[in-house]
Structure formats: structure tokens, C-alpha cells
Amino acid sequence: MRDQNDLSPWAHPKAQAWYGTLLERSGMMAEIEQFMQIPDDLINVSECRVALMFLIILARPGIWPPGEEETLVSAEKKVSEIIKKKQSTTNKKMTMAEHQKHGVIMDEIRQELEILRRRIGKSKLKNKVGQPGTWKNFWN
């Protein structure tokens, strides 16, 4: 049997209880629920990326509260739908450089969505997904 000190910080049973309490008391779960109530056309790409970043971090098994998996799946679905609508539409004409930058951002968002989908068990893809470039040394 493994010593509980050998577990990752999010896998320890007491840590899992602590994360659940923290997410509830901080209002993070309510904020995620509120985000899902906002009409899609009122959420921009930057707001989707912020939501994705938090969801990716919080969706690690052991951190996300047990019994709240449907909230996570619903949030991923909402972000996916918004990104799908916004990936090719813009409200203004773009220069070639702006168009290229938009393409790079959308590629990173698709990569972030794939990371989240793998965390929640929704993806069937097997190829390696690296850290998005704009995250730089986030995990280091």
C-alpha cells in the first residue's frame, strides 16, 4: 500500500475535501454556473480563454468536486459552441497580419479545448497535446 505522503497534492483524500470546500466557499462553482447562463453572443474569445484556463486547472481529477462532473461537461460544451461560432466570424475587416494572428489564437484555443476534453474524458484522440505557446512556462 502506498503512503499517503507519496500521493500528488490533489490526490490526497484530505486535499480533495479541501478543494471541494474551497471551490464552494470561494464562489467559483457559482461563477462557473453564472458563466453558463450568459448568452453566447455576449461572451468574447478572451473571456472563453479565461474560462478554459480555470477549467483546465480545476478539471484535474481530485480537484474537481465529485458529483459536479455535469457542470464541467456543460461548461466545456458552452465554450466549444462559442468558439465554433467565433472562429471564422469577425465584426470588422482584418489585415492579413490580423487574420494570421486570429488563426494562431484560434489554434491555441482548440488546443486548450482538447486539453480540457481529455481531462473530462470526452476526447478519443491519442496524439500528444503540448502546452499552448502563450502559456509560456506556466507549469515550470
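Small disclaimer: the values here were computed from a predicted structure and weren't measured.

Caption draft 1: Molecular detail of the overall build of the protein. Tallying secondary structure elements over the protein gives 5 helices and 0 strands in all. Seen in sequence order, the protein has helices and strands lined up from the N terminus as α-α-α-α-α. Within the protein, contacts between residues at least 6 apart in sequence are counted, and of these 64% link residues at least 24 apart. By element, 56% of the accessible surface of the protein is carried by carbon and sulfur atoms, the whole surface being about 9,600 Å². When the 22 positive and 18 negative side-chain charges of the protein are each reduced to one mean point, those points stand 6 Å apart.

Caption draft 2: Geometry of the nonpolar core. Core analysis: the biggest nonpolar cluster contains 29 residues, and Leu55, Trp64, Val79, Ile83, Ile109 and Leu116 have the highest contact counts within it. Residue assignment for this core shows that the elements contributing at least two residues are α1 (13-26), α2 (28-37), α3 (45-58), α4 (69-86) and α5 (96-119). Here this core takes 7 residues from α3, the largest share from any one element. Non-local contacts of Leu116, meaning those with residues more than four positions away in its chain, are made with Leu52, Leu55, Ile56, Ala59, Leu72 and Glu76.

Caption draft 3: Region of interest: the side chain of Thr71. As for its position among the elements, Thr71 is in helix α4. Under the relative-accessibility criterion, Thr71 is labelled buried at 8%. Other than its neighbours up to four places away in sequence, Thr71 contacts Ile32, Glu33, Met36 and Trp64.

Cut-offs used in this document
Residues numbered from 1 in each chain as written. Predicted model: local features only at pLDDT ≥ 70, side-chain atom pairs only at ≥ 80, totals over all residues. Heavy atoms only, no water. Helix = DSSP H or I, 4+ residues; strand = E, 2+ residues; numbered from the N terminus. Contact = heavy atoms within 4.5 Å. Areas by Shrake-Rupley, 256 points an atom, 1.4 Å probe, with all protein chains shown as cover. Lys, Arg positive; Asp, Glu negative; His and termini not counted. Charge placed at Lys NZ, Arg CZ, Asp CG, Glu CD. Core = buried A, V, L, I, M, F, W, Y, C linked by side-chain atoms within 4.5 Å. Buried < 20%, exposed > 50% of the residue type's maximum accessible area, 1.4 Å probe, protein only.

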